[in-house]
Amino acid sequence: MPYVEIIIAVVGAFALAWLADLVSGRRGLFATSLVSGVAAVCGWFLAVRVFAASTMSEWTWVLWSLVASTVALGAFFLFRSKR
């Protein structure tokens, strides 16, 4: 499969969003999915375009995108508005 890295990155970002939603008490899967997805794209951009740490045919960018997703979800829960 030529696009297995992309599929794993998308499923990983959604799994991280789902776990973050479970930990937070089911406050909104859409918001966590949005944050996780945008952060995963930013992690890809940093790995492939900015730092040139990997190419699209390597697995390193998947790790970068999942780490960026984790950091963004942590920041989301740290700085979000609590009513």
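A closer look at helix 3 (residues 60–79)
- The terminal C-alpha atoms of helix 3, which comprises 20 residues, lie 29 Å apart, in line with the 28 Å expected from a rise of 1.5 Å per residue.
- Every buried residue belonging to helix 3 is among W61, V62, S65, S69 and L73, and all of these are buried. Mapping the buried residues of helix 3 onto a view down its axis gives an arc of 115°, with all of them on the same face. Summarising the geometry of helix 3, the exposed residues directed more than 90 degrees from the buried face are L63, V71, L78 and F79.
- The secondary structure elements touched by the buried residues of helix 3 are helix 1 (4–23) and helix 2 (29–50).

Side note on the packing of aromatic side chains
- Per the stated rule, a full pass over the model turns up three aromatic pairs.
- Ring geometry for W44 against F45: centres 6.4 Å apart, planes inclined by 55°, an arrangement best described as tilted.
- Each ring, one from F51 and one from W64, has its centre 5.8 Å from the other, and the planes form 45°; the classification is tilted. Of this pair, F51 sits in the loop between helix 2 and helix 3 while W64 sits in helix 3, and the two are 13 residues apart along the sequence.
- Residue F51 is classed as exposed on the basis of its relative accessible area of 52%.
- A relative accessible area of 29% means that W64 is categorised as partly exposed.

Topic: the layout of surface pockets
- Considered as a void within the structure, the largest pocket measures approximately 150 Å³ in volume.
- For the largest pocket, the full set of lining residues is I6, A9, V10, A13, G37, A40, V41, W44, M56, W61 and S65.
- Contributions of two or more residues to the lining of the largest pocket are made by helix 1, helix 2 and helix 3.
- Residue composition of the lining of the largest pocket, grouped by class: nine nonpolar, two polar and no charged.

Criteria and cut-off values
- Residues numbered from 1 in each chain as written.
- Predicted model: local features only at pLDDT ≥ 70, side-chain atom pairs only at ≥ 80, totals over all residues.
- Heavy atoms only, no water.
- Helix = DSSP H or I, 4+ residues; strand = E, 2+ residues; numbered from the N terminus.
- Expected span 1.5 Å × (residues − 1).
- Buried < 20%, exposed > 50% of the residue type's maximum accessible area, 1.4 Å probe, protein only.
- Arc of directions from axis to C-beta.
- Contact = heavy atoms within 4.5 Å.
- Phe/Tyr/Trp six-rings, centres within 6.5 Å; stacked < 30°, edge-to-face > 60°.
- 1 Å grid on protein atoms, 1.4 Å probe; cavity = no way out; pocket = protein on both sides within 12 Å on 5 of 7 lines; lining within 4 Å.
- Points joined across faces, edges and corners; volume = space filled by probe spheres on them.
- Nonpolar A, V, L, I, M, F, W, Y, C, P; charged D, E, K, R; others polar.

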